[in-house]
Amino acid sequence: MAQEDIFKKLVAHCKEYGYIFPSSEIYDGLSAVYDYGQYGVELKNNIKKYWWDSMVLLNENIVGIDSAIFMHPTIWKASGHVDAFNDPLIDNKDSKKRYRADVLIEEQLAKIEDKISKEVEKARLRFGEDFDEKKFRETNQRVLANQTKIDELNARFSKAMNDNDLAGLRQIIIDNEIVCPVSGSRNWTEVRQFNLMFETEMGATSEGASKVYLRPETAQGIFVNFLNVQKTGRMKIPFGIAQIGKAFRNEIVARLFIFRMREFEQMEMQFFVQPGLELDWFRHWKEIRMKWHTSLGFGEENYRFHDHTKLAHYANAATDIEFRFPFGFREVEGIHSRTDFDLKQHQNFSGKKMQYFDPEKGESYIPYVIETSIGVDRMFLQIVSAALQEEELKKDDGTLDSRVVMRLPSSLAPVKLAVMPLVRKDGLPEIAEKIIKNLRFDFNCQYDDKDSIGRRYRRQDAIGTPYCITIDHQTIDDNSVTIRYRDSMEQERVKISQLKDIIAEKVSISGLLKKLQNE
């Protein structure tokens with residue numbers, strides 16, 4: 001099945017099973033804004049808990065805050081967002097569609113990379129176990145030619161972006177014959193800058209109102225509270241401040257479902273370190289964050305680092321953790337060495353010292369910062385992309401069947417277990433309700449008695465429920481139930497009194513956290 005079709009099925013599944021709805025749908029929706037449904041909000045909350053606990057619980061020198069969305073407008077002047085938070089915009093004159101020039105070039109690079117990947121996969125099938133991918137990449141002429149194209153295009157692209165050369169970006173698009181996806185033409189306008197911040201006004205009257213911005217990132221709320229946290233928490237460098245919160249960007253082209261939205265949520269941690277040690281800590285956090293992702297069990301081959309050739313104005317090192325989505329490798333988390341830029345800027349603009357007194361060195365300095373920033377919504381999309389599968393099954397009579405299953409990690413699944421009476425009589429529903437009553441304090445449980453037991457299993461598979469408990473007539477005799485496992489579809493007979501311990505061991509987020517510590 002084509003990757004585009006897989007992605008369309010994913011979007012449809014998320015709506016059909018209560019994960020994500022288009023926002024304001026009864027009014028024909030609002031572009032690039034989405035609502036999380038009854039299962040989506042549970043998965044989202046579990047993702048945030050996994051991240052928060054991995055940062056704040058597992059690290060004695062990391063604490064959390066929750067800063068306001070509205071902030072003093074000078075903050076955004078100091079951070080550079082007022083003057084430099086822009087995307088290069090380009091229009092196609094025939095389709096009247098608007099695009100980000102840098103994204104068009106990145107997609108061109110991805111197309112060339114895809115050609116290399118196809119050559120590698122063809123060779124892998126041809127040579128089997130004897131295939132040496134490294135040697136093939138270094139010697140195959142088609143691969144080498146495409147890699148040369150990538151290197152040359154990357155060099156031009158990086159220079160144009162670093163120099164803020166808008167004419168250069170347009171020339172790259174022209175030279176590489178990049179076409180509009182809608183019209184298929186190369187009739188492009190000039191490239192111009194577009195500021196991404198949403199503006200609003202704060203004040204009781206229009207005359208007395210002052211211009212403020214919806215924050216485009218959560219990091220600045222951490223930086224302006226650096227001294228508050230450091231002093232009240234008696235924190236010693238190195239230490240970190242974590243935050244989860246909403247951010248807003250007026251994206252030129254918001255697309256790919258929830259991958260790029262105008263209202264989104266971030267999980268960020270700013271780690272303050274001694275100047276000169278920042279690159280050591282940068283490498284440390286690269287390793288830690290990759291472990292966090294791969295611990296979910298979606299396959300290490302589906303993740304990679306992408307080091308930045310164009311660095312932001314505040315950074316001296318930067319990398320992205322990318323995941324293989326149905327539409328290709330894309331960023332889910334950024335790790336940046338931000339130097340002392342932010343704290344120094346806020347010191348200059350506010351007139352307040354943003355320095356840390358180091359008792360061991362006996363001197364004051366502005367700390368350097370390592371940032372880890374992950375989009376909750378992108379992480380959500382990554383997980384459901386990896387989890388959603390369509391399987392072909394063989395029945396007992398030899399005929400084929402299929403099922404759609406969300407293989408979500410048990411600790412993140414919205415519903416941990418479904419409790420099902422085999423029939424709606426003979427006291428079985430009452431036993432099921434009693435089980436739910438006892439377990440709902442520990443797990444998100446769901447009662448399900450509609451349709452045949454097979455249909456109910458399939459429905460729970462599609463939701464992503466890892467365990468189903470079936471109450472039958474034997475339960476009345478010996479207080480045992482059947483527990484059915486989503487991934488293997490195997491069934492096991494257990495005592496009702498054992499359920500809490502069995503499920504708790506399998507679905508606790510502490511299991512993921514222990515895995516992080518043990519690796």
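I tried to follow the overall build of the protein chain on my own but got confused; where do I start?
Counting its regular elements, the protein chain contains 18 helices and 23 strands. A principal-axis box enclosing the C-alpha atoms of the protein chain has dimensions of 75 × 60 × 55 Å. In the protein chain, which comprises 519 residues, the proportion classed as buried is 49%. A separation threshold of at least 6 residues defines the contact pool for the protein chain, and within that pool the share at least 24 residues apart is 65%. Carbon and sulfur atoms make up 48% of the accessible area of the protein chain, which totals about 26100 Å². Distance between charge centroids for the protein chain: 1 Å, based on 75 positive and 81 negative side chains.

How should I be thinking about helix 2 (residues 40–57) in this particular structure?
Spanning 18 residues, helix 2 covers 25 Å between terminal C-alpha atoms, matching the ideal 26 Å at 1.5 Å per step. All buried positions along helix 2 are accounted for by Gly40, Leu43, Lys44, Asn46, Ile47, Lys48, Tyr50, Trp51, Asp53, Ser54 and Met55.

I'm lost on the sheet that holds strand 5 (residues 98–100) in this one. Help?
Each strand in a sheet pairs with its neighbour through backbone hydrogen bonds, running either in the same direction (parallel) or in the opposite one (antiparallel). One open sheet accounts for three strands, arranged 5-4-6; its pairing is antiparallel. Every other strand in the sheet has two partners, leaving strand 5 and strand 6 (192–195) as the edge strands with one partner each. Going across the sheet, the axis of each strand differs from the next one's by a mean of 45 degrees, ignoring polarity. The sheet contacts of helix 5 (residues 101–127) involve strand 4 (86–91) and strand 5, and relative to strand 5 the element is tilted by about 70 degrees. The strands that helix 8 (residues 166–175) touches are strand 4 and strand 6; relative to strand 4, the one it contacts most, it runs at about 45 degrees.

Can you help me understand the pattern of salt bridges in this one?
Side-chain pairs of opposite charge can arise where the charged atoms are in close proximity. Taken as a whole and assessed by the stated rule, the structure comprises 48 salt bridges. Residues Glu25 and Lys15 are paired through a salt bridge, measuring 2.5 Å at the closest nitrogen-oxygen approach. Taken together, the residues span a long stretch of sequence, with Glu25 in the loop between strand 1 (20–22) and strand 2 (34–36) and Lys15 in helix 1 (residues 3–16) at a distance of 10 residues. Residue classification places Glu25 among the partly exposed residues on the basis of a relative accessible area of 38%. What makes Lys15 partly exposed here is its relative accessible area of 38%. The shortest N-O distance in the salt bridge between Asp53 and Lys49 comes to 2.9 Å. Of the two residues, Asp53 and Lys49 both sit in helix 2, four residues apart, roughly one turn of that helix. You can call Lys49 partly exposed: its relative accessible area is 43%.

I'm lost on the sheet that holds strand 12 (residues 317–325) in this one. Help?
With mixed pairing, seven strands are arranged side by side in an open sheet as 3-9-10-16-13-12-11. Since the sheet does not close on itself, it has two edges, and those belong to strand 3 (62–64) and strand 11 (303–307), each with one partner. The sheet shows a mean angle of 25 degrees between the axes of neighbouring strands, taken without regard to direction.

Honestly, the nonpolar core in this entry has me stumped. Any pointers?
What tends to happen in soluble globular proteins is that the nonpolar side chains get buried as a cluster. Tyr19, Tyr50, Trp51, Phe380 and Leu381 are the most contacted members of the largest nonpolar core, which has 60 residues in total. The leading source of residues in this core is helix 13 (residues 376–387), at seven residues. Apart from residues lying up to four places away in sequence, Phe380 is in contact with Tyr19, Ile20, Tyr36, Gly40, Leu43, Lys44, Ile47 and Ile258. With 25 residues, the next largest nonpolar core counts Ala101, Leu153, Ile172 and Trp188 among its residues.

Would you mind showing me how to read the side chain of Thr465 here?
With respect to the element layout, Thr465 can be found in the loop between helix 15 (453–463) and strand 21 (467–471). Using a relative accessible area of 1% as the deciding quantity, one classes Thr465 as buried. Side-chain polar atoms of Thr465 contact the side chain of Gln460, separated by 2.6 Å. Setting aside residues up to four positions removed in sequence, Thr465 forms contacts with Val415, Lys416, Leu417, Ala418, Gln460 and Arg486.

Where do I start with the environment of Ile222 in this structure?
Along the chain, Ile222 turns up in helix 9 (residues 219–223). For Ile222, a relative accessible area of 0% corresponds to the buried category. Spatially, the C-alpha atoms of Ile222 and Gln270 are 7.3 Å apart, while their sequence positions differ by 48 residues.

Explain the side chain of Ser23 to me, please; I cannot follow it from the model alone.
Residue placement: Ser23 occurs in the loop between strand 1 and strand 2. At a separation of 3.5 Å, a polar atom in the side chain of Ser23 contacts the side chain of Ser24. Polar side-chain contacts of Ser23 include one of 3.3 Å to the side chain of Asp35.

About the cut-offs
- Residues numbered from 1 in each chain as written.
- Predicted model: local features only at pLDDT ≥ 70, side-chain atom pairs only at ≥ 80, totals over all residues.
- Heavy atoms only, no water.
- Helix = DSSP H or I, 4+ residues; strand = E, 2+ residues; numbered from the N terminus.
- Buried < 20%, exposed > 50% of the residue type's maximum accessible area, 1.4 Å probe, protein only.
- Contact = heavy atoms within 4.5 Å.
- Areas by Shrake-Rupley, 256 points an atom, 1.4 Å probe, with all protein chains shown as cover.
- Lys, Arg positive; Asp, Glu negative; His and termini not counted.
- Charge placed at Lys NZ, Arg CZ, Asp CG, Glu CD.
- Expected span 1.5 Å × (residues − 1).
- Pairing = 2+ DSSP bridges.
- Axes fitted to C-alpha atoms, helices over the stretch in contact; angles between N-to-C directions.
- Salt bridge = Lys/Arg side-chain N within 4 Å of Asp/Glu carboxyl O.
- Core = buried A, V, L, I, M, F, W, Y, C linked by side-chain atoms within 4.5 Å.
- Polar contact = N/O pair within 3.5 Å; in protein donor to acceptor, adjacent residues only side chain to side chain.

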